[in-house]
Amino acid sequence: DEDYHHQREKELSAYHQYHDSQSHDSNESTNSYYRYPTHEHQMVHMRPNQLFPNSPGWQCDECLMETFDSNLSAYISTEKNYLVCEDCFKSNGYSVGDQS
């Protein structure tokens, strides 16, 4: 049980790693949470290259669209490395309010 929790601490999502490294006073675009029906965790709206700066692009985990445009934003899970493009999110996603 102790080994499981130790291992889990090492497996922070890219979002948690990014969030933990940022100043909490900064004005980021991650002020609200969102939900997508096929994903159990809350999501934030931001550019994937903020989380994965060395990656040349990203792929939507719903429609599998690949993009290499670093200016495009996506909805990113706060707990898993899971991304939903804006087009997919428009069809089924929704806001659940501000972060505390």
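Preceding block: the structure.
Definitions and cut-offs
Along every chain, residues carry numbers that run from 1 in the direction the sequence is written. A pLDDT threshold of at least 70 governs which residues receive local features in this predicted model, and a stricter bar of 80 or more applies before side-chain atom pairs are shown or counted, although totals over entire chains, interfaces and linings include all residues. Only hydrogens and water are removed before side-chain values are computed, so all heavy atoms of the structure are retained for them. To form a nonpolar core, buried Ala, Val, Leu, Ile, Met, Phe, Trp, Tyr and Cys residues must be joined to one another through side-chain atoms within 4.5 Å. When a residue's accessible area, from a 1.4 Å probe over protein chains only, is under 20% of the maximum for its type it is buried; when over 50% it is exposed; and in between it is partly exposed. Segments assigned H or I by DSSP are reported as helices when at least four residues long, segments assigned E as strands when at least two residues long, and all are numbered from the N terminus. Contacts are residue-level and defined by heavy atoms, with any inter-residue pair within 4.5 Å sufficient. Two strands qualify as a pair provided DSSP detects at least 2 bridges between them.

**Description of the nonpolar core**
Here's step 1: Residues Met-43, Met-46, Leu-51, Ile-76 and Val-84 are the most contacted members of the largest nonpolar core, which totals 20 residues.
Here's step 2: Broken down by secondary-structure element, the contributors of at least two residues to this core are helix 2 (14–21), strand 1 (32–36), strand 2 (39–46), strand 5 (74–77), strand 6 (83–85) and helix 4 (86–92).
Here's step 3: Apart from the residues lying within four places of it in its own chain, the contact partners of Ile-76 are Gln-42, Met-43, Val-44, Met-46, Arg-47, Pro-48, Leu-51, Tyr-82 and Leu-83.

**Quick look at the environment of Val-84**
Here's step 1: Residue position: Val-84 is located in strand 6.
Here's step 2: Spatially, the C-alpha atoms of Val-84 and Met-43 are 9.2 Å apart, while their sequence positions differ by 41 residues.
Here's step 3: With residues near it in sequence (within four places) discarded, Val-84 still touches Tyr-36, Met-43, Cys-60, Glu-62, Ala-74, Tyr-75 and Phe-89.

**Points about the pairing of strand 1**
Here's step 1: Every second residue of strand 1 is oriented toward a common face, the buried set being Ser-32, Tyr-34 and Tyr-36 and the non-buried set Tyr-33 and Arg-35.
Here's step 2: With 2 bridges connecting them, strand 1 and strand 2 associate as antiparallel partners. Counted as the bridge partner of Tyr-34 is Met-43 from strand 2.
Here's step 3: Taking the residues that link successive antiparallel strands as the turn, the strand 1-strand 2 hairpin has 2 residues.

These figures come from the coordinates and say nothing about function on their own.
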